[in-house]
Structures are given as C-alpha cells and as structure tokens.
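# Per-entry structural report
For reference, the chains in residue letters:
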Protein chains: 2
Amino acid sequence: MADRHDGDIDVVGVGNALVDVLTQGTDEFLVRHDLVKGTMHLVDADRATALYAAMGPGVEISGGSAANTMVGVASFGGRAQYIGKVCADQLGEVFRHDLRSTGVGYDTSPSVGGPPTGRCLILVTPDAQRTMNTFLGASSELGPEDVDPRVIARARIVYLEGYLFDRPAAQEAFRHAARLAHGAGRKVALTLSDPFCVDRHREAFAELVDGHVDVLVANEAEICSLYRVSDFDSALQEVRRHSEVAALTRGPRGSVIASGDLVHVIDAHPVEELVDTTGAGDLYAAGFLFGLSRGLDLATAGRLGSLAAAEVISHIGARPMTPLHRLAGAVSR
Amino acid sequence: MADRHDGDIDVVGVGNALVDVLTQGTDEFLVRHDLVKGTMHLVDADRATALYAAMGPGVEISGGSAANTMVGVASFGGRAQYIGKVCADQLGEVFRHDLRSTGVGYDTSPSVGGPPTGRCLILVTPDAQRTMNTFLGASSELGPEDVDPRVIARARIVYLEGYLFDRPAAQEAFRHAARLAHGAGRKVALTLSDPFCVDRHREAFAELVDGHVDVLVANEAEICSLYRVSDFDSALQEVRRHSEVAALTRGPRGSVIASGDLVHVIDAHPVEELVDTTGAGDLYAAGFLFGLSRGLDLATAGRLGSLAAAEVISHIGARPMTPLHRLAGAVSR
C-alpha cells in the first residue's frame, strides 16, 4: 500500500467515506418523496431510515466521490491515498476492505460509538439516471486531526471534495489539508461535487478557487452555479480569470481544460453502451489528476480523464472494472 | 406482508440467512486458497476474515438459498414467508430490508450479542462460475423456538434447505418444522443444497427423503451423491423408489420430474445470454414450488421452474430482476 513507502504519493484524496446502496426506482417514487432527479440530497438519520424502508431491495457497494477517484488513480498505476471517516462497524469494514484491496492506502482511524458509517441511498430510474440521498453519518466526524501532515507532504496533489463543506469539522479538515499542502510546496485540487453543494457554499468556494486551489474540477452545472451564469462559455471565461487550471466536464460533449491562455477542447471517449453514469465525474478526475501528477500535458491528462469516465459509465458502479493502465496505452504513450 | 393475513401461505422457506459478498476471482486464487471451483465451503470466522482480506473489492447483496427461493415465489405472485436468523447488526438489517421489500413475510427475531450476520464470500471466476465460502455466523443460531407453529400450519408447502444440517440447532429447527407441517396436513419439500452438503449428511438425508419429505429438489451432482451413483439415470431410478415427488435439475439439459410412474422431461428455458449461474437452482425451486402450491400439474410447475431459472441466470445476482408473474403467462395460462 502506498502509505508503507516513503516516496511520493501521486494523489491523496480527502472526502466523505460512504457506502452506496443502489436500488431501482421509479419517477413516481421520486415525486412522492420530493426528490429532484439526478441530484444529491443530504438526509438525516430519520429520513434515511424512512427512505430505506420505502425503497426496494438494494445492492451495497463502496462509494464516496473522492474515494472512487483514488481507486481510479490506483487503477492507472498511480500511488493513491485516501483520508475519510467511517465508523468501526460492518459497513465501515466493507468500505475499508474494498478501498485497500484496490491498492489505495487508507489509514484514517474509524470513529467509535458515534453515528454509523455514512451511506448514500441511490435510486436508479429507468432512464439510467441516479438520484442520491446521502446520510453522512460517521463521514462528517472527519476533523483536522485526521489529516496526517506527513502524508500530505508526500503527495504531489491533494484532492479535496466539495461535499466536505457540508459539515464544519470536515470543512476545517479540508482547509487544514490545503494549508499543509501549500506549506509543503504541493498542489491543491478541488472538485465542486454537485450544483446544490455549490449553492450551499458559493462564496466559500469562490474564495477558495481564487486563492487556495491550483486545479479545479467541475461539471457544467457546477461551474455555471458557481458563477451564477446560464451558459457554459460565460462560465469558462470566468473561471479562466480565477483558477490556475480548470477541467470542466460536459458529459457526452467532452471536456474543456483551461489554464491561462491555454484552452483545450477534449472529446468524450467513445462508449459502446451507456449503462450507468454513476462515477463519470469521479473517474474523469482520476485520469486528469493522475496525468497531472505524472507531468503529462493538460490535453493528455484530459484524454486520460475521458478514457476513465468512458470505462466507468459502460457498466454498473462507480469504480473501474478493467485496469485503467491497460486501456491507457493508446492515449498517453 | 404474508404474515399479516390469516389465509394460506403458498410456501414458507426455512434456511440460512446470509448476505452474499460477490467479488471477481482468478483460478490461481482458488488454487492458492485450496478452494474447489463451483462448490460451497463452510468457513469459520478466522478463515472468513483471512479470505476477505485476500479478496478484491466486493458487492454486498442479500442471499441465502431458501430466501432467494421465497423471493422467487413472491415474484410469481405467491404468498411467501421466510424463517432464518440474522444478528441485530447492519448486514442483518440489510437482509431484513431486502427480503421484506420484495413482499416476502419475515419475522424471525434477530440474535443479539452472538456472532454477526452470516455471509457468503463468492468468488466469480472469468468462466462465470462461482465458488462460495460461507461463514454461517448468526444463521446457525436458528433453533426450534424460531419456527412458529401457526405459520407452518398456514403454509401449503414448507421448504427446507439442506444447508441447515450443518449445525445441530438449525437441524433441530428443520426437523421441528417438518413435524409441524405434517401434523397440520401440509407438504414438506427439501433441497439437498450442495453435493458436499450431501456428503456430510448422506444417511440423515436418505432417511428424511424416505420417510419425511414429500417433494425433493436436487441437481444432478447432489442426487448422484445421495445415492452414490455416477450417472443420472441410476439416480433417477433410485429416487423414484424413495420420494413421492422429485424435481431434478440438470443445468442446460433441463430437468426431470418424477412421481411414481410419472416422469416428465422438461427442457431448459432458452436464455439469450448466460451471465451468472448464481441462484439457478434456487429459482427453479421457486417456480416449481409455486406451481405445486397452486395446484398446477407437475410438468407445468417444472416449466415455471425453468422459466425462473432462465431469468435469474441472464443477469448478475440470485434474485429475479423482472417480475416472474409477468413472464409466466405463456407457460401456465
């Protein structure tokens, strides 16, 4: 595992540690439970229990946005480490096992006696869209004390999940990690995570992007929300003035990478069959950050992102099923 | 749920309540860990922990042979009830939720403070075969006190899992349920579960089939093991002398149903693509038992079994994804 070595880590991700519970859902179910299709809702323990009781049978699979991204980095052959909080319970053990068994280093100590391991109840509607209901549970207990300065100092890129902003202690862990990284001369990357997450924390995110973040990853809805604009090009022009590097994803329309005067327009990687869009953004980030950490140019890093996203949307689940280093040959070498 | 009503239950299943943990495995992994491909191994807590540590990332999904069968019965529109033991922990809650949400009645009280909810670590090799490693955990705490005489008396068929014979208290629950059923004038059905399970309990099974079981469900390897013969026809001739009704499954070669002088040879239902054989036997039993409970003739019941098996092997997982009552029209009406 990455943490057993003294050398550089390619990317360390900090995020909400969650186990996904995937079930089939109908549009009528979403309406009845007041859920907006395709977005992430935060739910408390009572609401999570009520929704779970109303949902059909599920499948449990380890998730968490930044954790998925770290699995992608490891799948490319990169050295990845994860920081996020589970409880010392069965789902926490499942999360830990699944992450470590993919080669990602993971040493955050589990919480004991507090809320259980966080979970994301995901309703997949017949149109292949997913509507997420996140009970943060133990993940929101992550605090600055969980961020090991030695790990941050060894990581070429520290990747932070916008979702962390939904709880004060986790937000403090986030800021602490960013400070440590810059103190050690390392890069800080941020994903905005979700347009509603941006809504909840717009000013804080704008200030971060301006002053504390080197690499911004966002999709079209998120970047438009950040700058309160309605079209992609306006958001692109805004972000170029505020972020050193920005990778903006647009689903089937590919991605745009901007850095000062450089602007690359990268096509989406072809997909034989679109099965499940879960994890597309997480895996794009994996390819892009892996590329940057290995010193590849922006366009090549973007193509690795597209490749990883294409792999993950061609099957169920948010983590790659084919080793990405095997697919990457044609793109980067 | 079925148990809320006073009328007849079609089938009540008694079995080991397990959560499956599915992972990709290689032939080399099986050899290294001394596992026989395609069979079920019982493992203790230490071995389960060691195997899990060596396995790749997994997906958790509710399982248990008789529980899968009850989900199939409910999917045909039947009234199904399940008796099996979980612990009062997270995986136990997952098991309970998934079963009830499919419409199966389930009221067995969970154990508290003993071993955790049982699980089955399943390695799926590239040839689509599955090798199972079962840690029984709380499921082996099932005892006669968990078998509610009122439920048994209301069930047209009581279906018992051979796997229950692997622990004394569960074996006693099994015999208790059979006695209660016959005392109430109901039918008792048994599945042999696994050739190695038959090896472990051959004499007890032979005695049960002779004297206490009305309907036997077995696959070719199991029935050959029971009678220590090497060819299917010899086993068929044996079973006709010992069992009132026997349904013998043969994978792609279909099934043979024998009852006294009646012998029906039923073709396998065509499958567009074989994806995962997990649950084929469990779902064959679902269709067959549902048919018998509704008074259909043996051949029609067998065709419902083939139909349900075909559905479940055309996707990942051991429980149906398409409501079986929708598919059944062409077979039974």
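Residues numbered from 1 in each chain as written. Chains lettered and ligands numbered in written order. Predicted model: local features only at pLDDT ≥ 70, side-chain atom pairs only at ≥ 80, totals over all residues.

## Description of the overall build of chain A
- Along chain A, the regular secondary structure elements total 14 helices and 14 strands.
- Here the C-alpha radius of gyration of chain A, 18 Å, is about what a compact globule of 333 residues would show, namely 20 Å.
- C-alpha extents for chain A along the principal axes are approximately 50 × 40 × 40 Å.
- When burial is assessed residue by residue, chain A has 56% of its 333 residues classed as buried.
- Sequence-distant contacts in chain A: of pairs separated by 6 or more residues, those separated by 24 or more amount to 75%. (Helix = DSSP H or I, 4+ residues; strand = E, 2+ residues; numbered from the N terminus. Rg over C-alpha atoms; globule rule 2.2 N^0.38 Å. Buried ≥ 20, exposed ≤ 12 C-beta atoms within 10 Å, placed from the backbone. Contact = placed C-beta atoms within 7 Å.)

## What to know about unusual backbone geometry
Residues and elements named next belong to chain A.
- Here the phi dihedral of Asp34 falls at roughly 60°; this positive angle occurs in a residue that is not glycine.
- Residue position: Asp34 is located in the loop between helix H1 (27–32) and strand E3 (40–42).
- Residues other than glycine seldom take positive phi values, yet Arg228 does so here, at roughly 50°.
- Classification of Arg228 as partly exposed rests on a count of 13 C-beta atoms within 10 Å.

## A closer look at the sheet that holds strand E6 (residues 105–106) of chain B
All names here are of chain B.
- Sheet architecture is open: nine strands sit in the order E6-E5-E1-E9-E10-E11-E12-E13-E14, paired in mixed fashion. Sheet topology places E6 and strand E14 (262–266) at the edges, where each strand pairs with a single neighbour.
- Relative to strand E12 (residues 245–249), strand E11 (residues 215–219) runs parallel, the two sharing five bridges. Across the sheet, Val217 pairs through a bridge with Ala247, a residue of E12.
- On top of the sheet, helix H3 (residues 65–75) reaches strand E1 (9–14), strand E5 (80–83), strand E9 (155–161) and strand E10 (187–191); it is set at about 165° to E1, its chief contact. (Pairing = 2+ DSSP bridges. Axes fitted to C-alpha atoms, helices over the stretch in contact; angles between N-to-C directions.)

## Quick look at the environment of Gly260 of chain B
- Position of Gly260 of chain B among the secondary structure elements: in the loop between strand E13 (255–259) and E14.
- Considering only alpha carbons, one finds Gly260 of chain B and Ala246 of chain B, 14 residues apart in sequence, at a separation of 9.5 Å.

## Concerning the interface of chain A and chain B
- Facing 19 residues of chain A, the contacting portion of chain B comprises 19 residues.
- Of all the secondary structure elements, the ones that give two or more residues to the side of chain A that touches chain B are strand E4 (59–62) and helix H4 (90–101) of chain A.
- By residue number, the principal contributor to the side of chain A that touches chain B is H4 of chain A, which donates six residues.
- Grouping the constituent residues of the side of chain A that touches chain B by class yields eight nonpolar, seven polar and four charged.
- Bridge analysis of E4 of chain A against strand E4 (residues 59–62) of chain B gives three bridges, and the strand direction is antiparallel. (Nonpolar A, V, L, I, M, F, W, Y, C, P; charged D, E, K, R; others polar.)

## Description of the relation of the copies chain A and chain B
- Structural alignment of chain A on chain B gives an RMSD of 0.0 Å, achieved by rotating through 180° and translating 0.0 Å along the axis. Those values place the two copies in the arrangement expected of a two-fold rotation axis. Taking C-alpha positions as reference, the residue of chain A nearest the rotation axis is Glu60 of chain A, located at 2.4 Å.
- In this assembly, 100% of the residues forming the interface of chain A have copies in chain B that are likewise at the interface, indicating an isologous arrangement. (Least-squares fit on C-alpha atoms with pLDDT ≥ 70 in both.)

## Re the sheet that holds strand E7 (residues 118–124) of chain B
- Within the open sheet, the 10 strands sit side by side as E3(A)-E8(A)-E7(A)-E2(A)-E4(A)-E4(B)-E2(B)-E7(B)-E8(B)-E3(B). Their pairing is mixed. The open sheet has two edge strands, E3 of chain A together with strand E3 (40–42) of chain B, and neither has a second partner. Taken over all neighbouring pairs, the strand axes of this sheet differ in orientation by 25° on average, direction set aside.
- Both E3 of chain B and strand E8 (residues 130–135) of chain B contribute to a ladder of three bridges, which runs parallel. Within E8 of chain B, the residue paired with His41 of chain B across the bridge is Asn133 of chain B.
- Contacts between helix H2 (residues 45–54) of chain A and the sheet are confined to strand E7 (118–124) and strand E8 (130–135) of chain A, with E8 of chain A contributing the most and set at about 135° to the helix.

## As for the environment of Ala286 of chain A
Residues and elements named next belong to chain A.
- Its place among the elements puts Ala286 in helix H11 (residues 280–293).
- Ala286 gets classed as buried once you count the C-beta atoms within 10 Å, which come to 35.
- Sequence separation between Ala286 and Ala80 is 206 residues, and the spatial gap between their C-alpha atoms is 10.0 Å.

## Side note on the confidence of the model for chain A
- Looking at chain A as a whole, the pLDDT averages 93, with 97% of positions reaching at least 70.
- Scored as a whole, the predicted complex attains pTM 0.88, and scored at its interfaces, ipTM 0.82. (pLDDT = per-residue confidence, 0-100.)

## Notes on helix H12 (residues 298–313) of chain B
- Spanning 16 residues, H12 of chain B covers 23 Å between terminal C-alpha atoms, matching the ideal 22 Å at 1.5 Å per step.
- In terms of burial, H12 of chain B is a largely internal element, 14 of the 16 residues being buried. (Expected span 1.5 Å × (residues − 1).)

## Some remarks on the packing of helix H11 (residues 280–293) of chain B against H12 of chain B
Residues and elements named next belong to chain B.
- Packing of H11 against H12 brings their axes to within 7 Å, and their N-to-C directions diverge by 150°. Judged by the inter-axis angle, H11 sits roughly antiparallel to H12. Handedness of the H11/H12 crossing: right-handed. Taking contact as the criterion, the partners of Ala280, Leu283, Tyr284, Ala285, Ala286, Gly287, Phe288, Phe290, Gly291 and Leu292 in H11 are, on H12, Thr300, Ala301, Gly302, Leu304, Gly305, Ser306, Leu307, Ala308, Ala309, Glu311, Val312 and Ile313.
- A per-class count over the contact of H11 with H12 returns 15 nonpolar, six polar and one charged. (Parallel < 35°, antiparallel > 145°, perpendicular 65-115°, else oblique. Left-handed = near helix turned anticlockwise from the far one by under 90°.)

## Some details on the pairing of strand E11 (residues 215–219) of chain A
Residues and elements named next belong to chain A.
- Of all five residues that make up E11, five are buried, and the element is covered over most of its length.
- The side-chain alternation of E11 yields two buried faces, one formed by Val215, Val217 and Asn219 and the other by Leu216 and Ala218.
- Sheet topology note: the strand E10 (residues 187–191)/E11 ladder contains three bridges and is parallel. In the sheet register, Thr191 faces E11, and the bridge partner there is Val217.

## A look at the environment of His269 of chain A
Residue and element names in this part refer to chain A.
- The topology assignment puts His269 in the loop between strand E14 (262–266) and H11.
- For the pair formed by His269 and Gln90, sequence separation is 179 residues and the distance between their alpha carbons is 37 Å.
- Discounting residues that sit within four places of it in the chain, His269 has contacts with Ser306, Leu307, Ala309 and Ala310.

## Side note on helix H4 (residues 90–101) of chain B
Residue and element names in this part refer to chain B.
- The end-to-end C-alpha distance of H4, which contains 12 residues, comes to 16 Å, matching closely the 16 Å that a straight helix rising 1.5 Å per residue would cover.
- Of all the 12 residues making up H4, nine are buried; the element is thus mostly covered by neighbouring parts of the structure.
- Just downstream of H4 lies Gly103, where phi reads positive at about 100°.

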